[in-house]
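A structural walkthrough
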Amino acid sequence: TRTPVNVTVTGAAGQIGYALLFRIASGHLLGPDVPVNLRLLEIPQGLKAAEGTAMELDDCAFPLLRNIEITDDANVGFAGANVALLVGARPRTKGMERGDLLSANGGIFKPQGKAINDNAADDIKVLVVGNPANTNALIAQAAAPDVPAERFTAMTRLDHNRAISQLAAKTGAAVSDIRKLTIWGNHSATQYPDIFHAEIAGKNAAELVNDEAWLADTFIPTVAKRGAAIIEARGASSAASAANAAIDHVYTWVNGTAAGDWTSMGIPSDGSYGVPEGLISSFPVTTKDGKYEIVQGLDINEFSRARIDASVQELTEERDAVRELGLI
Ligand code: NAI
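Residues numbered from 1 in each chain as written. Predicted model: local features only at pLDDT ≥ 70, side-chain atom pairs only at ≥ 80, totals over all residues. Heavy atoms only, no water.

If you check an unreviewed UniProt entry, the protein appears there as Malate dehydrogenase from Streptomyces yanii. The annotation that UniProt attaches to the protein under Catalytic activity (unreviewed entry) is "(S)-malate + NAD(+) = oxaloacetate + NADH + H(+)". Reading the Function (unreviewed entry) entry of the UniProt record for the protein gives the comment "Catalyzes the reversible oxidation of malate to oxaloacetate." (UniProt positions renumbered as here; feature names shortened; annotations may be inferred.)

Take a look at the structure:
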């Protein structure tokens, strides 16, 4: 029998946590034969609700779930962690400036990065979901100098999945026929969902769609503003779809992309495609044996270049702001 994998979830008592934990425990994060120990990290006010969720997890009698620990101490929460899902974050509230938002999150992600550095397992993989995800990942990474930088990733898989769904609806294709879609840049309204290299049943998606106005005026804004549209409709932000994307992100990272396909992950740039080295930006990546690689050699047309550059510019500004604040 396999040794259980230690999975730490922060913000475990939140709405994404509620949608996420049951799927981790039922084997969807790592695979149907991998037992897991869950570590739920919350702030003191969240502990009681996390205990309630843990009771429900017990009541599912999941065969793969070995034990659950609940804590508000990051050193305990990340002890021996193999996978860390950093979901808990400080949301932007009314009247909050970007600097306030970044420093409030710095107060969360800097100590968590340090706790990962000091306590996690050597093979730790980190996914940051809490917004602003890319820059929060950068803050955590900077606080963890002993962990290889590439283990810190940010979630753009929800954007990736949203883009696939919109493209399927437009073309009448099945979701499963769509490959090689890319989200570039920041998980924010500046993100760029790129279909120029995407394929639908083996044919180029942009050529099939053949409608640049739809791309510019409908597709891109629909994907980029989907989060706001969900809040408007549901009265609460995306939770089940965000949890699903977190599951997809880690599952793909651990278990690999399919031949002839790739996925999108926010990862530290190595300078590819003109993205300044070190920025945590979304790229097309293939994964294999628990490692990812940026897909190289894609032709970037003018339409794409301008949009990638705009999103990367925003990431650069966020990085400069957190540097100014002494967070990295
Ligand atoms: P929520 O407010 O329902 O839950 C957040 C939880 O985090 C709360 O239980 C809170 O007590 C906890 N928390 C706060 N600070 C913490 C800390 N220092 N340590 C541990 N736990 C802490 O929020 P929800 O809906 O679950 O969303 C969580 C985050 O995910 C938000 O930042 C949201 O913007 C982000 N998000 C990101 C998406 C993406 O695609 N990257 C998609 C959807 C949401």
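Next comes the rest of the write-up.
Notes on the nonpolar core
In this structure, Leu 167, Leu 181, Trp 184, Ile 195, Phe 219 and Phe 283 are the most contacted members of the largest nonpolar core, which totals 39 residues. Residue assignment for this core shows that the elements contributing at least two residues are helix H6 (157-171), strand E8 (182-184), helix H7 (205-209), helix H8 (212-224), strand E12 (263-268), strand E13 (280-288), strand E14 (291-294) and helix H11 (302-324). In terms of residue count, the dominant contributor to this core is H8 (five residues). The residues contacting Phe 283, other than those within four sequence positions of it, are Thr 182, Ile 183, Trp 184, Thr 263, Ser 264, Met 265, Ile 267, Ser 269, Ser 272, Tyr 273, Val 275 and Ile 294. Core analysis: the next-biggest nonpolar cluster, separate from the first, contains 34 residues, Val 9, Leu 20, Ala 25 and Ala 242 among them. (Core = buried A, V, L, I, M, F, W, Y, C linked by side-chain atoms within 4.5 Å. Buried < 20%, exposed > 50% of the residue type's maximum accessible area, 1.4 Å probe, protein only. Helix = DSSP H or I, 4+ residues; strand = E, 2+ residues; numbered from the N terminus. Contact = heavy atoms within 4.5 Å.)

What to know about H6
Residues spaced three or four apart along an α-helix face the same direction, because each turn holds 3.6 residues. Taking 1.5 Å of rise per residue, 15 residues should cover 21 Å, and H6 covers 21 Å from first to last C-alpha, within 8% of that figure. Restricting attention to buried positions, one finds in H6 the residues Arg 157, Leu 158, Asp 159, His 160, Arg 162, Ala 163, Ile 164, Leu 167 and Ala 168. Of the residues trailing H6, Gly 172 is marked for its positive phi of about 75 degrees. (Expected span 1.5 Å × (residues − 1).)

Topic: the site of the ligand
Contacts to the ligand come from 22 residues, most closely from Gln 15, Ile 16, Glu 42, Val 129 and Asn 131. At 3.3 Å, a backbone N or O of Gly 14 approaches an oxygen atom of the ligand. Within the contact set of the ligand, a nitrogen atom lies 3.3 Å away from a backbone nitrogen or oxygen of Val 129. Relative to its unbound accessible area of 870 Å², the ligand is 80% covered by the protein chains. When grouped by side-chain class, the residues that make up the shell around the ligand number 11 nonpolar, 10 polar and one charged. (Near = heavy atom within 4 Å. Polar contact = N/O pair within 3.5 Å; in protein donor to acceptor, adjacent residues only side chain to side chain. Areas by Shrake-Rupley, 256 points an atom, 1.4 Å probe, with all protein chains shown as cover. Nonpolar A, V, L, I, M, F, W, Y, C, P; charged D, E, K, R; others polar.)

Details of the sheet that holds strand E11 (residues 203-204)
Strand order across the open sheet formed by three strands is E7-E10-E11, with antiparallel pairing between neighbours. Looking at the sheet topology across the chains shown, the edges are occupied by strand E7 (178-179) and E11. Inspection of the sheet shows E7 paired to strand E10 (residues 199-200) by two bridges, in the antiparallel sense. Each bridged residue has a counterpart across the sheet, and for Ile 178 the counterpart in E10 is Ile 200. (Pairing = 2+ DSSP bridges.)

Comments concerning the confidence of the model for the protein
Mean pLDDT for the protein: 97, with 100% of residues reaching 70 or above. This complex was scored by the predictor with a pTM of 0.98 and an ipTM of 0.98. (pLDDT = per-residue confidence, 0-100.)

Looking at the packing of helix H4 (residues 98-119) against helix H5 (residues 133-142)
Running from amino to carboxyl end, H4 crosses H5 at an angle of 40 degrees, the nearest separation of the two axes being 7 Å. Accordingly, the angle class assigned to the pair H4 and H5 is oblique. Helix-helix and strand crossings are classified by hand; for H4 and H5 the assignment is right-handed. Within the contact between the two elements, H4 uses Leu 102, Asn 105, Gly 106, Phe 109, Lys 110 and Gly 113 and H5 uses Thr 135, Asn 136, Ile 139 and Ala 140. The class makeup of the residues in the contact of H4 with H5 is four nonpolar, five polar and one charged. (Axes fitted to C-alpha atoms, helices over the stretch in contact; angles between N-to-C directions. Parallel < 35°, antiparallel > 145°, perpendicular 65-115°, else oblique. Left-handed = near helix turned anticlockwise from the far one by under 90°.)

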